[in-house]
Amino acid sequence: MEFVFCTNNEHKIQEVTQIMGSNFVFLKLKDVHFYDEIPEPFDTLSANAAIKANTVFFYCGKNCFAEDTGLFIDALLGEPGVYSARYAGEPVDSSKNIQKVMDKMLGCENRKAFFKTVISLVTQEGEWQFEGICHGSIAKQLSGKDGFGYDPIFIPDGYTQTFAEMDVTLKNNISHRKKAFDHFEYFLKHEYPNFIK
Ligand code: ITT
């Protein structure tokens, strides 16, 4: 049984490969000859994850999963949220996104924030979603070189370093993505036991 991970983000592929382990084998978009941009037109993670998985499912007919992730900052009333990728406009630029957050949060005492991931799975049998949240806070300055996106400014609760300062194994043990994929894996083990060897 084949499943396609519908993402153009190589960092996500690396993290999910580590989170799920080597027994979890999935196809990439290029393996099914899907080279288009996947649209993300909606204002919820759930709807965007669903359209990504459905777009590729209708294209290739194989089981598909996609995920949409956002950083939700209390003091910015949930921004950048579902618009995390393009917060500072097109083309997508993580440094500019981080700079915009830092500028808007100058002088803010409430630094609380959370990352949320929603996975959407689409198969012939139906559609399912799985969520994971990681609570934390926005650092007062950028730190660290690992990870991607907003990792240099996000400090998960219970830690003093940002995701970008952490060993990737640690990030992948506690992250929003890890929590969402734990639910996904549990579901697959019960519904599609042949998929995870
Ligand atoms: P796909 O839609 O192709 O999967 P994307 O990069 O567009 O890839 P999202 O819309 O889900 O992915 O992600 C929005 C942005 O949020 C993304 O560009 C990153 O900058 C940021 N992001 C996502 N996951 C993150 C993480 O674990 N740590 C830090 N930033 C993250």
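Calculation rules
- Residues numbered from 1 in each chain as written.
- Predicted model: local features only at pLDDT ≥ 70, side-chain atom pairs only at ≥ 80, totals over all residues.
- Heavy atoms only, no water.
- Core = buried A, V, L, I, M, F, W, Y, C linked by side-chain atoms within 4.5 Å.
- Buried < 20%, exposed > 50% of the residue type's maximum accessible area, 1.4 Å probe, protein only.
- Helix = DSSP H or I, 4+ residues; strand = E, 2+ residues; numbered from the N terminus.
- Contact = heavy atoms within 4.5 Å.
- Polar contact = N/O pair within 3.5 Å; in protein donor to acceptor, adjacent residues only side chain to side chain.
- Pairing = 2+ DSSP bridges.
- Disulfide = S-S within 2.5 Å.
- Near = heavy atom within 4 Å.
- Areas by Shrake-Rupley, 256 points an atom, 1.4 Å probe, with all protein chains shown as cover.
- Salt bridge = Lys/Arg side-chain N within 4 Å of Asp/Glu carboxyl O.

**Student:** When you look at the nonpolar core in this model, what are you seeing that I'm missing?
**Tutor:** In terms of nonpolar packing, the biggest core is built from 19 residues, with L71, I73, V101, I138, Y150 and F154 touching the most fellow members. Among the elements of the structure, β2 (63-73), α3 (94-104), β4 (112-123) and β5 (126-138) are those that each provide at least two residues to this core. Sorting elements by how many residues they give to this core places α3 first, with three residues. Once you skip the residues sitting within four places of it in the chain, F154 turns out to touch L71, A113, F114, F115, C134, H135, G136, S137, I138, Q161, T162 and F163.

**Student:** Can you help me understand the side chain of S175 in this one?
**Tutor:** Structurally, S175 can be placed in the loop between α4 (168-174) and α5 (176-191). Only 3.0 Å separates the side chain of S175 from the backbone nitrogen of K178, close enough to count as a polar contact. In this structure, S175 is in contact with C134 and F163, ignoring residues within four places of it in sequence.

**Student:** I'm lost on the pairing of β2 in this one. Help?
**Tutor:** Moving residue by residue along a regular strand, the side chains alternate between the two faces of the sheet. Where burial is concerned, most of β2 is hidden: 11 out of the 11 residues are buried. Judged by which residues are buried, β2 turns out to be covered on both faces: N63, F65, E67, T69, L71 and I73 on one side and C64, A66, D68, G70 and F72 on the other are all buried. In terms of strand pairing, strand β1 (residues 3-5) meets β2 through three bridges, oriented parallel. From the neighbouring strand, V4 faces β2, where its bridge partner is C64. Bridging between β2 and β4 involves 10 bridges; their strand directions are antiparallel. Residue pairing in the sheet places E67 in a bridge with I119 of β4.

**Student:** Help me out: how do you make sense of the state of the cysteines in this one?
**Tutor:** By definition, a disulfide links the sulfur atoms of two cysteine residues through a covalent bond. Under the defined criterion, the tally for this structure stands at zero disulfides. Take C60: it sits in no disulfide, and the sulfur closest to it among the cysteines is that of C64, at 4.3 Å.

**Student:** What exactly am I supposed to notice about the site of the ligand here?
**Tutor:** Inspection of the region around the ligand gives 20 residues, with T7, K12, K52, D151 and K171 positioned closest. Here an oxygen atom of the ligand sits 2.9 Å away from a polar atom, N or O, in the side chain of N9. For the ligand, a nitrogen atom lies 2.6 Å from a polar atom in the side chain of D151. Look at the ligand: alone it shows 610 Å² of surface, and the protein chains cover 92% of it. Of all the secondary-structure elements, those providing two or more residues to the shell around the ligand are β2 and α5.

**Student:** Before we go on, may I ask you to explain helix α1 (residues 10-20) in this structure?
**Tutor:** Every α-helix winds through 3.6 residues per turn, so residues three or four apart in the chain are directed the same way. Along α1, the residues classified as buried are K12, I13, E15, V16, I19 and M20. Contacts from the buried residues of α1 go to β1, α2 (45-60), β2, α4 and α5. Where α1 starts, the residue carrying a side-chain oxygen 2.9 Å from the main-chain nitrogen of H11 turns out to be N9.

**Student:** Where do I start with the pattern of salt bridges in this structure?
**Tutor:** Opposite charge on two side chains permits them to pair, given that their charged atoms come into close proximity. As enumerated under the stated definition, the model contains 13 salt bridges in all. R86 is the salt-bridge partner of E90, the closest N and O atoms lying 3.1 Å from each other. E90 sits in the exposed class, given a relative accessible area of 62%. Its salt-bridge partner being K178, residue D182 comes within 3.1 Å of it at the nearest N-O pair. Within this pair, D182 and its partner K178 are both found in helix α5, separated by four residues, close to a single helical turn. Classification of D182 by relative accessible area gives partly exposed; the value is 33%.

**Student:** Hey, could you run me through unusual backbone geometry in this one?
**Tutor:** Note on backbone geometry: most residues besides glycine have negative phi, and most peptide bonds are trans. Along the chain, E79 connects to P80 via a cis peptide bond; the corresponding omega equals -5°. With respect to the element layout, P80 can be found in strand β3 (residues 80-81). Cis geometry marks the peptide bond from E90 to P91; its omega dihedral reads -10°. If you trace the backbone, P91 turns up in the loop between β3 and α3. The phi angle at H33 is positive, at roughly 60°, despite the residue not being glycine. Relative to the elements of secondary structure, H33 occurs in the loop between α1 and α2. Classification of H33 by relative accessible area gives exposed; the value is 52%. The phi angle at L77 is positive, at roughly 55°, despite the residue not being glycine.

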